[in-house]
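Topology and contacts: notes
Each chain, written out:
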Amino acid sequence: MMTRYLRLLTSWLALSSATVIWNGNFNDYSTSTDLDTWSFSNRGGEWQTYIYGNKVSTNKASTWMALDPSYKNPADGQSRQGIRVRITGDSAWNGQTMMRTELIPELSQGGLQAQVQTGVRYYSWSMKQSSTNTLDSTSNHQLVFFEAHFADIQYGGPCGAKLCFNQVNGQQTPLWSTDFTPETWFNFALMVDYTNKQVALYQSTGSNAMTQVVAPVATSVSASDWHMGHLRLDGGSPTYPQDLYYSGANIADALTQIQTGTNPTPTSNAPTGNNPTSNPTSNPTSNPTSNPTSNPTSNPTSNNNPTQGTTCIQQCINQCGSAGVQACDCSSGSPKVTCRGGGNQGSGTNPNDCNHLGYCADVCGSGNVKSCTCVGASLVPECASASMMAVSMMAILAMIFVLL
């Protein structure tokens, strides 16, 4: 039992020192059809969703992607739902011979793309396959990868019947592999050092804390789109459905572990407007030497806003009302708040846009927010110091030792 509590302490401390720059936990979407509304002229939400089988003109993103609470890692208490991505023999995108259903983070406003593609960043997610519609090991399945293919998670092909980490320096030989056991959630964090051109990999299963399985290794790191989903290099065979499940994706400046707790209240902040009516002009490929062909120019919004009661965060919201909160400092006994100038910022009781202060509480934990600041159109949470949390947690652990 003590091992479990020590593992939770380690996870909590790791989380407290991390700032989540982009969150792709699907909490912004109410239904699967919200995924259909993204286009290059109608950006918004957490994900770009334009890569899917479109040789049938009536196909949409929701033809191949579905959201449901049962599709997430049950250990992840910060995500309301997960996503199932499906390919069949009819999943060719834009006439290609590859079968594709993929998502790309929507990073296009307020300098978010520049914030992500600099320094040391951790790309985290959970994934599984079920015991039905499993992947065939004869095809090469590219599951999570960068457009420039400097670090991939793949299955089949050069990996055999294994889930593997390869394409580092363009090499097909895996640096790490494991059995892709159906109905098992695999958690990953890929460290990308954009300055020193290195990558490293962390991994676990279920609710276990991730540990490093590949030490930092030099590779041709470049700023390119990050893809999550299913790209199969096979020309359309086999034709039967093959499903993958993802949840809890985020990009942070430090390692973030699986966060337990109460699931957030359902909200929707998907893009609005007409569904995409034409194919995008940006055509990602699976070429390991290709560079991204488009630089997004707008920013996602996040709407993780579970009830905060009378906490510091809620007091800031209440003080500013419809003007909106610019910054909320919770480091002292009473909140210090700077209000925004109004405009389309939402109300004190139902904040939207940059006022989703519940997002900061999601990242840091309720009651552990030091400050929550709106920079451009993105929230930047600052959590209480790891040392302060360590004191509190060590006191709790001491009590546990006494009780045992």
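A short tour of the structure in this document, coming up. (Residues numbered from 1 in each chain as written. Predicted model: local features only at pLDDT ≥ 70, side-chain atom pairs only at ≥ 80, totals over all residues. Heavy atoms only, no water.)

To continue, consider the pattern of salt bridges. One pass over the full model with this rule turns up seven salt bridges. Linking R86 and D243 is a salt bridge whose minimum nitrogen-to-oxygen distance equals 2.7 Å. With R86 in strand β4 (residues 82–87) and D243 in strand β15 (residues 242–252), the pair connects residues that are 157 residues apart, well separated along the chain. By relative accessible area, R86 is classed as partly exposed at 24%. For D243, a relative accessible area of 2% corresponds to the buried category. The salt bridge partner of K128 is E183, with a shortest N-O separation of 3.0 Å. With K128 in strand β6 (residues 120–128) and E183 in the loop between β10 (176–178) and β11 (186–193), this pair connects stretches of sequence that are 55 residues apart. Judged by relative accessible area, K128 falls into the buried class, the value being 11%. Given a relative accessible area of 41%, E183 falls into the partly exposed group. (Salt bridge = Lys/Arg side-chain N within 4 Å of Asp/Glu carboxyl O. Helix = DSSP H or I, 4+ residues; strand = E, 2+ residues; numbered from the N terminus. Buried < 20%, exposed > 50% of the residue type's maximum accessible area, 1.4 Å probe, protein only.)

Burial within strand β14 (residues 226–233) is extensive, with seven of its eight residues counted as buried. Relative to β14, strand β5 (residues 99–105) is paired through five bridges, and the arrangement is antiparallel. By the bridge assignment, E102 is partnered in β14 with G229. (Pairing = 2+ DSSP bridges.)

The subject of this paragraph is the sheet that holds strand β9 (residues 163–166). The seven strands are arranged β2-β5-β14-β7-β8-β9-β10 in an open sheet whose pairing can be described as antiparallel. Single-partner strands in this sheet number two, and they are β2 (47–51) and β10. When strand polarity is set aside, the average angle formed by the axes of neighbouring strands in this sheet is 20°. Where strand β7 (residues 140–146) lies against strand β8 (residues 152–156), four bridges are found, and the strand directions are antiparallel. Each bridged residue has a counterpart across the sheet, and for V144 the counterpart in β8 is I153. (Axes fitted to C-alpha atoms, helices over the stretch in contact; angles between N-to-C directions.)

In this section: the nonpolar core. Judged by nonpolar contacts, the single largest core of 49 residues is most densely connected at W125, M127, L143, F165, L190 and Y246. Judged by nonpolar contacts, the second largest core, of seven residues, contains Y122, A200, M210 and L255. (Core = buried A, V, L, I, M, F, W, Y, C linked by side-chain atoms within 4.5 Å.)

If you walk through the whole model with that rule in mind, you get one disulfide. Through a disulfide, C159 is tied to C164; the S-S separation comes to 1.9 Å. (Disulfide = S-S within 2.5 Å.)

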